[in-house]
Amino acid sequence: MAPCYTIKPASLQDVLLVDCQIPEFDGRNTLNKLQARIANCEHLILGAYINNEPVAYKLAYALHANTFYSWLGAVAPKWRGKGIAQALLKAQEAWIKEHDYDAIHVKSMNRFPAMLSMLIKNDYQIVGYEDKGTPQSSKILFSKTFLPDKTT
């Protein structure tokens, strides 16, 4: 049975509560680092909550006037495979479209196959590659463009 979760705006403190549960991360994210990255730009922090406890998040910010960058996201291991990441991705996309951004960019790595699969499944296109020395540490760049709503 799928868990009952709520997606809503989240705090950076909630992001860090989830972040510290992620075995693939190494504790590199600190409150200061997160604050510095999103300072002085429009940003979106979404969290997924079960019984008012954060279990997942997506953090994105404006790169420029028409493009958002989905920087960080994670689902606590206990809650993976239950559709939470997909729901957060769709909520993020809806917010970005509602705020008149034309595109979203994201980077991922071969060591995150579930993320790569989800991006491709959701019509993100591979647009580049950042060679970091090994296939596991190099980054794959994705982009998704939102077409204008033709009903208006």
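First, a word on what this report is: a plain description of the structure on this page.

Conventions adopted
- Residues numbered from 1 in each chain as written.
- Predicted model: local features only at pLDDT ≥ 70, side-chain atom pairs only at ≥ 80, totals over all residues.
- Heavy atoms only, no water.
- Salt bridge = Lys/Arg side-chain N within 4 Å of Asp/Glu carboxyl O.
- Helix = DSSP H or I, 4+ residues; strand = E, 2+ residues; numbered from the N terminus.
- Buried < 20%, exposed > 50% of the residue type's maximum accessible area, 1.4 Å probe, protein only.
- Arc of directions from axis to C-beta.
- Contact = heavy atoms within 4.5 Å.
- Phe/Tyr/Trp six-rings, centres within 6.5 Å; stacked < 30°, edge-to-face > 60°.
- Lys NZ or Arg CZ within 6 Å of the ring centre and 35° of its normal.

## Quick word on the pattern of salt bridges
Here's step 1: Counting across every chain of the model gives five salt bridges.
Here's step 2: Two residues, Glu93 and Lys144, come together in a salt bridge whose shortest N-O distance is 3.2 Å. Here Glu93, found in helix H3 (residues 84-98), pairs with Lys144, found in strand S7 (residues 139-145); they are 51 residues apart in sequence, far enough to count as distant.
Here's step 3: Given the relative accessible area of 3%, Glu93 is considered buried.
Here's step 4: Between Lys132 and Glu130 there is a salt bridge whose closest N-O contact spans 3.8 Å.
Here's step 5: For Glu130, a relative accessible area of 22% translates into the label partly exposed.
Here's step 6: Among the ionic contacts, a cluster of salt bridges with common partners joins Lys90, Glu93 and Lys144.

## So, helix H4 (residues 113-121)
Here's step 1: Residues Leu116, Met118 and Leu119 constitute the buried set of H4. On an axial view of H4, the arc spanned by its buried residues comes to 165°, and they lie on one face. Structural note: H4 exposes Pro113, Ala114 and Lys121 on the side pointing more than 90 degrees away from its buried face.
Here's step 2: Contact partners of the buried residues in H4: H3, strand S5 (103-109) and S7.
Here's step 3: Asp123 lies just past H4 and shows a positive phi near 70°.

## A look at the packing of aromatic side chains
Here's step 1: Considering all chains together, one arrives at four aromatic pairs under this definition.
Here's step 2: Members of the aromatic cluster, connected to one another through ring pairs, are Tyr61, Tyr69 and Trp71.
Here's step 3: A cation over a ring is seen here: Lys8 above Tyr49, with NZ or CZ 4.7 Å from the ring centre.

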